[in-house]
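One letter stands for each residue in the lines below.
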Amino acid sequence: MTDFKPKSDFLKTLIERGYIHQCSDYEGLDALAAKGEVTAYVGYDCTARSLHVGSLISIMMLSWLQKTGNKPIALMGGGTTRVGDPSGRDETRRILTIEDINANKEGIQGVFDKIIQFGPGKSDAVMVDNAEWLTTLNYIEMLRDVGRHFSVNRMMSMDSVRMRLEREQELSFIEFNYMILQAYDFTELSRRYGCNLQMGGSDQWGNIVNGIDLGRRMGTQQLYALTCPLLTTASGAKMGKTASGAVWLNADMLTAYDYWQFWRNTEDADVGKFLKLFTFLPMEEIRRLEALAGAEINEAKKVLATEATALMHGRTAAEAAAETARTTFSGGTATALPSVEVTKGELEAGLGVLAAFVKAGLVPSNGEARRQVQSGGLRVNDAVVTDPAQILKPADAINDGAIKLSFGKKKHVLLRPA
RNA sequence: GGGGGAAUGUCCCGAGCGGCAAAGGGGGCGGACUGUAAAUCCGCUGGCUACGCCUUCGCAGGUUCGAGUCCUGCUUCCCCCA
């Protein structure tokens, strides 16, 4: 890969921006991409109501694919999610109900058209659900047509399976079948849409390559595999977690402000990498930003945060988030901070600080609030709380009629009497 | 079918002579230092109407003043033999 010189804009961009972990055949894929003849898919499991940043990298790849004149397919795993992918998992996934899966699918679909064009045109994207063909399969036919091409010996040696076996962890038969279904998806998409490339995270390599093999045996055109690195931060932590949980892409699961903050808090060493992967800024601009040294790199982080947020939440929301952050972190109180309502009566009766922080959702329990008071982590209107028995009263509402509660340096909520 | 072992704080790993809210890590959170970074150092890491009360060690019973610890049965997982 180091000495490979791509001719296609697609591979040129992906390589330059660091999207590629492995590819089954650079030359072959490059030739197709140069002619705009790549139709690629990425599959998304419907295991939650929203995708999170971990999936964003592959959505970006689909977008670049389209920008460089090829056709993306977003595959909803409405069928495969009923089975559960064992890759990279220690334990069997909880089996989701069909209603849950459908609801999750609804939630997930929305993010794609933010950066990908859908429609009937040649390089317009298509969205399909593998439930369409998987749920109507007939077991015996499936075994005869597809199952005979799979060697159990080889399946047992696949990472996802082997790891479970070596660590003596349960691997149920249903999960064992996941790779067969995913391989079958690839061939089915090849037949239906002329799909010839599957992309995904590096943990999907085995599954994708199985699809290529199956395609060859079942007589599809030549298929290709392309994987991206799994995201970790420079200090090795798995990316995508914040204080409050996963970094969701959907606005109703994570506000634009919190999403902006997630990117703003990127480690220095990751700024360049993330600008390349998660924004569409031109490379010259990125090179300039990542060259900033010392505290200056904070400028690059703000650009990253705003650009990345603009992609998922829109430019307006991104800039509002940037502005809210600016006032908040320069010592002021932005009125656009997340807010929680309390009734006037509650305040007049006197609301305990501990309860107030729990109510604001900043801490999970009274006890936790109490502990945080001990270590000086709670503030009311920017004043450190020292007395756990402190009572909040209407007179404390000073900022735009609200009380500002802060947990640590980064988490703020406005308590609004209503 | 026979024999042996395991299950611990609902994030994970993991100690635990009958006095245990339960050692030690990891992770997470807060504080200090910085730049809303990293590294480092310090503190915290069951719940509550809080110098007390309540609920926790696979499940259900029992012995005991007192059980994570002992006994009985059950469930699940692993290993060996058939």
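Every value quoted in this text rests on a predicted model; they were computed, and no experiment measured them.

Draft legend 1. Summary view of the protein's contact with RNA strand B. Around RNA strand B, a shell composed of 29 residues is seen, among which Asp 268, Lys 301, Arg 371, Lys 409 and Lys 411 lie nearest. In this structure, Asn 265 approaches RNA strand B through a side-chain N or O atom, which is 2.9 Å from a sugar or linking oxygen. Contact between RNA strand B and Asn 366: a phosphate oxygen at 3.2 Å from a side-chain N or O atom of the residue. Of all the elements in the fold, those that place two or more residues in the surface near RNA strand B are α13 (256–264), α16 (297–313), α17 (315–329) and α20 (366–374). Split into classes, the residues belonging to the surface near RNA strand B amount to 7 nonpolar, 13 polar and 9 charged.

Draft legend 2. Structural context of the pattern of salt bridges. Using the criterion set out here, one finds 17 salt bridges in the structure. Among the ionic pairs, Glu 188 bridges to Arg 191, the shortest N-O distance being 3.6 Å. Within this pair, Glu 188 and its partner Arg 191 are both found in helix α11 (residues 178–193), separated by 3 residues, close to a single helical turn. A relative accessible area of 49% places Arg 191 in the partly exposed class. When salt bridges with common partners are traced through the structure, they connect Glu 132, Glu 188, Arg 191 and Arg 192 into a single cluster.

Draft legend 3. Region of the structure containing the environment of Leu 230. Positionally, Leu 230 belongs in the loop between β6 (224–228) and β7 (241–242). For the pair formed by Leu 230 and Asp 203, sequence separation is 27 residues and the distance between their alpha carbons is 7.6 Å. Excluding its chain neighbours within four sequence positions, the residues that come into contact with Leu 230 are Gly 201, Ser 202 and Asp 203.

Draft legend 4. The arrangement of the side chain of Asp 124 in detail. As for its placement among the helices and strands, Asp 124 is situated in the loop between α5 (112–115) and β4 (126–129). Comment: no salt bridge for buried Asp 124; closest opposite-charge side chain is Lys 71, at 6.5 Å. Within polar-contact distance, the side chain of Asp 124 engages the backbone nitrogen of Gly 121 at 2.8 Å. Every residue in contact with Asp 124, bar those within four places of it in the chain, is listed here: Gln 66, Lys 71, Pro 72, Gln 117, Phe 118 and Gly 119.

Draft legend 5. Focus on the packing of α13 against α17. In the contact formed by α13 and α17, the axes pass within 9 Å of each other and the chain directions differ by 70°. Taken as axis vectors, α13 and α17 run roughly perpendicular relative to one another. Touching Ala 256, Tyr 257, Trp 260 and Gln 261 of α13 are Ala 317, Ala 318, Ala 321, Ala 322, Thr 324, Ala 325 and Phe 329, all from α17. Among the residues making up the contact of α13 with α17, the classes are represented as 9 nonpolar, 2 polar and no charged.

Draft legend 6. The arrangement of the nonpolar core in detail. Membership of the largest hydrophobic core comes to 76 residues, with the highest contact counts inside it found for Phe 112 and Trp 263. Looking at this core element by element, the count peaks at 9 residues for helix α3 (residues 53–67).

Draft legend 7. Here's a closer look at the sheet that holds strand β15 (residues 411–417). Taken in spatial order, the 5 strands line up as β9-β15-β14-β11-β12 in an open sheet, and their pairing is mixed. Here the strands that pair on one side only, and so sit at the sheet edges, are β9 (339–342) and β12 (383–384). The pairing of strand β11 (residues 378–380) with strand β14 (residues 403–407) spans 3 bridges and is antiparallel. Bridging across to β14, Leu 378 finds its partner in Phe 407.

Draft legend 8. Structural detail: unusual backbone geometry. Despite not being glycine, Asn 381 shows a phi value in the positive range, around 50°. Inspection of the secondary structure assignment puts Asn 381 in the loop between β11 and β12. You will see that Asp 382, though not glycine, has its phi angle at about 70°, which is positive. Relative to the elements of secondary structure, Asp 382 occurs in the loop between β11 and β12. Asp 382 gets classed as partly exposed once you look at its relative accessible area, which sits at 37%.

Draft legend 9. Representation of the sheet that holds strand β1 (residues 22–23). Reading across the sheet, the 6 strands line up as β1-β6-β5-β2-β3-β4 and stay open at both edges, with mixed pairing between neighbours. One side of each edge strand has no neighbouring strand; the edge strands of this open sheet are β1 and β4. Strand direction decides the pairing type here: strand β5 (residues 197–201) and β6, joined by 5 bridges, are parallel. Within the sheet, the bridge partner assigned to Gly 201 lies in β6 and is Cys 228. Against the sheet, helix α4 (residues 98–109) contacts β2 (39–45), β3 (71–77) and β4, and its axis sits at roughly 150° relative to β3.

Parameters and conventions
- Residues numbered from 1 in each chain as written.
- Chains lettered and ligands numbered in written order.
- Predicted model: local features only at pLDDT ≥ 70, side-chain atom pairs only at ≥ 80, totals over all residues.
- Heavy atoms only, no water.
- Near = heavy atom within 4 Å.
- Polar contact = N/O pair within 3.5 Å; in protein donor to acceptor, adjacent residues only side chain to side chain.
- Helix = DSSP H or I, 4+ residues; strand = E, 2+ residues; numbered from the N terminus.
- Nonpolar A, V, L, I, M, F, W, Y, C, P; charged D, E, K, R; others polar.
- Salt bridge = Lys/Arg side-chain N within 4 Å of Asp/Glu carboxyl O.
- Buried < 20%, exposed > 50% of the residue type's maximum accessible area, 1.4 Å probe, protein only.
- Contact = heavy atoms within 4.5 Å.
- Lys, Arg positive; Asp, Glu negative; His and termini not counted.
- Axes fitted to C-alpha atoms, helices over the stretch in contact; angles between N-to-C directions.
- Parallel < 35°, antiparallel > 145°, perpendicular 65-115°, else oblique.
- Core = buried A, V, L, I, M, F, W, Y, C linked by side-chain atoms within 4.5 Å.
- Pairing = 2+ DSSP bridges.

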